[in-house]
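# Observations on chain architecture
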Amino acid sequence: MASRLYKFLDVTEKRLQSFFELLAGLTLFSFRFVKEVFVPPYEVEEIRKHMIELGMKTLPIVGVTGFIIGLVITMQLQPVLQRFGAEAFLPGSVGISIVRELGPVITALIFAGRVSSGIGAELGSMRVTEQIDAMEVSGVNPFKFLVVTRVFATTFILPILTVYVIFIALIGAYIAVVLVQNMTWEYYTGRVIFSVEFGDAIPGVAKTFVFGYIVGIVGAYLGYNAKNGTEGVGKASTTSVVVSSLLILVFDMILVKLTLWLWPIAK
Amino acid sequence: MVVIKDLHKSFENQVVLNGISMHVENAQNMVVFGRSGTGKSVLLKCLIRLMEPDAGEVTIDGKDVLSLNLKELNILRKDVGFLFQGAALYDSMSVRENLEFPLIRNFEYTQGKIDEKVSEVLEAVSLEGEIDKMPSELSGGMRKRIGLARSIITKPKLMLYDEPTTGLDPITAKEISSLILDLQNAYKMTSIVVTHDLLCAKIIADRAIVLKKGHIHSEGTIEELLSDKDPFLVDFFSDEVINKNGRD
């Protein structure tokens, strides 16, 4: 019994230690990013290339997901609102849920699955095959060239993708509304625009800058510091998805509280 | 000239380099032998601070490498070429882009001048036809040649080779060794070559050292080392000969 307890404590201690090491490493890596992002050369061409590549890679999957989310949330909400005789609020409530929460978070989670793992695997592979060392020997700052450009690209492409997903989700929602209710496109968009306020749209999209940064920095950190050959590359890739998804949800919670404080919902 | 004095490097409790001191004259080819895990690659990486040594001194052409700041270190690195064990070609770039990379990043050449330099090094490694291929389309020997071409494109004064013939068949290994010697003669570079390959060493070495347990066990020409009656050297080189004959 005692040996089991010791073993459990030992395992818990090791896990806690690696968790705090990860947090500390990520924090230091973030500080280095902030320090280097303002130092020339700015690698604008690399950033543009990554933004296009990451955006195009994720566009179809987030589009399909957004459409389905819009459709499903409407189908779920309609009978509930009908029960309270509030069907007229359907476009507004769907619009607010998509703009404030579902659009940004779902897009960020899919983006994390697709991009964070990709960055982790790519940089991890470059690390274990000494490509990063080769870059350093060439007199090039690999952190600047590989990390800063990717993190910058993820930070600024995710908000664009989120706006796209919100529109696609609202189209999906309209199709669901038409299936259950007789409503014109003009009336639907009018109700959505009437219900969704500035204070809903701006924080919803603004928080995706933070999510984009998380996706980039986590993937880059784990890939850049990968070791132990191909096993390390695989680990960097999978851990990137888990850690970035978790951090997105944690920061979402914090940012929701913050935005509700800054832009309270009108009563 | 490269001078190393009392270089130490450990990883946690494992001592890898334990007081290495050596010097390499200009335009000399120095080969570093040693069993696996004796710190040969670590020694190369410490020379240009891809790894930070724990203690010691490294001087390249009179510059104290360990006291340079990053900017000064990057200037020094322009004069250093490094051929990595797996060639370390950038996977996402074509052969042309791999070769152009150090030139675009470090010099302000016109595109015409860059093209000229790329053609020159590709001709030197006899791979002119592969310019638009991706690294994944190249064989192991071709990758090594392109890696070599990328290393010499900036005309470095010092070349570091980490196991240049590992993983290659004997004929390709011999070709790469001869190519290294030809380039050495053409560009008059100082070279430090880490290898297990005795044939490669015989082709290119002016002098050689043998590492054992983190320090230099022996130093001399290949002939001197091969004729030495020291039990470790006899054992080490007989194994090398057996391995070589086995492969042949």
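In short, a report on the structure.

Definitions and limits used
Residues numbered from 1 in each chain as written. Chains lettered and ligands numbered in written order. Predicted model: local features only at pLDDT ≥ 70, side-chain atom pairs only at ≥ 80, totals over all residues. Pairing = 2+ DSSP bridges. Helix = DSSP H or I, 4+ residues; strand = E, 2+ residues; numbered from the N terminus. Buried ≥ 20, exposed ≤ 12 C-beta atoms within 10 Å, placed from the backbone. Contact = placed C-beta atoms within 7 Å. Axes fitted to C-alpha atoms, helices over the stretch in contact; angles between N-to-C directions. Core = buried A, V, L, I, M, F, W, Y, C linked by C-beta atoms within 7 Å. Nonpolar A, V, L, I, M, F, W, Y, C, P; charged D, E, K, R; others polar.

### Observations regarding the pairing of strand β4 (residues 55–60) of chain B
Residue and element names in this part refer to chain B. Looking at chain direction, strand β1 (residues 2–11) and β4 are connected through five bridges and run antiparallel. When the sheet's bridge partners are listed, H8 is paired in β4 with A55. Bridge count between β4 and strand β5 (residues 63–64): two bridges; the pairing is antiparallel. For T59, the partnering residue across the bridge sits in β5 and is D64. The antiparallel hairpin formed by β4 and β5 contains two residues in its connecting segment, where D61 sits at a positive phi of about 50°.

### Notes on the environment of G19 of chain B
Residue and element names in this part refer to chain B. Assignment of secondary structure puts G19 in strand β2 (residues 14–24). On the neighbour-count criterion, G19 (14 C-beta atoms within 10 Å) is partly exposed. Note: C-alpha distance between G19 and K9 (10 residues apart in sequence) is 8.5 Å. Aside from chain neighbours lying at most four places away, what touches G19 is D6, H8 and H215.

### Quick notes on the sheet that holds β5 of chain B
All names here are of chain B. Sheet architecture is open: four strands sit in the order β2-β1-β4-β5, paired in antiparallel fashion. Two strands close off the open sheet at either side, each with one partner strand: β2 and β5. Sheet strands in contact with helix α1 (residues 40–47) are β1, β2 and β4, and its direction is about 60° off that of β2.

### Some details on the sheet that holds strand β8 (residues 190–194) of chain B
Residues and elements named next belong to chain B. Ordered in space as β6-β7-β8-β3-β9-β10, the six strands form an open sheet in which the pairing is mixed. The sheet is open, and its two edges are formed by β6 (80–83) and β10 (215–220), each paired on a single side. The average angle at which neighbouring strand axes cross in this sheet is 15°, direction not considered. Sheet analysis places β6 next to strand β7 (residues 158–162), joined by four bridges and oriented parallel.

### A word on the environment of S92 of chain B
Position of S92 of chain B relative to the elements: it lies in the loop between β6 and α3 (95–106). Residues S92 of chain B and P135 of chain B lie 43 residues apart in sequence; the distance between their C-alpha atoms is 8.2 Å.

### Brief notes about the nonpolar core
Counting residues in hydrophobic clusters, the biggest one holds 132 residues, and the most contacted among them are A169 and I214 of chain A together with V31, V32, A149, L160 and A208 of chain B. Top contributing element to this core by residue count: helix α5 (residues 142–180) of chain A, with 18 residues. Among residues more than four places away in sequence, those in contact with L160 of chain B are L44, L47, V80, F82 and I192 of chain B.

### Quick word on the interface of chain A and chain B
Taken together, the 10 residues of chain A in the interface contact 15 residues of chain B. Of the residues contributing to the side of chain A that touches chain B, the split by class is three nonpolar, four polar and three charged.

### Things to note about the pairing of strand β3 (residues 29–34) of chain B
All names here are of chain B. Burial runs high along β3: six of the six residues are buried. Alternating positions in β3 separate into two faces, N29, V31 and F33 on one and M30, V32 and G34 on the other, with burial throughout. As defined by bridge partners, β3 adjoins β8 across four bridges and the pair is classed as parallel. Paired with N29 across the strands is S191, a residue of β8. When β3 meets strand β9 (residues 207–212), the two strands line up parallel, connected through five bridges. Each residue of the ladder has a partner; that of F33, found in β9, is V210.

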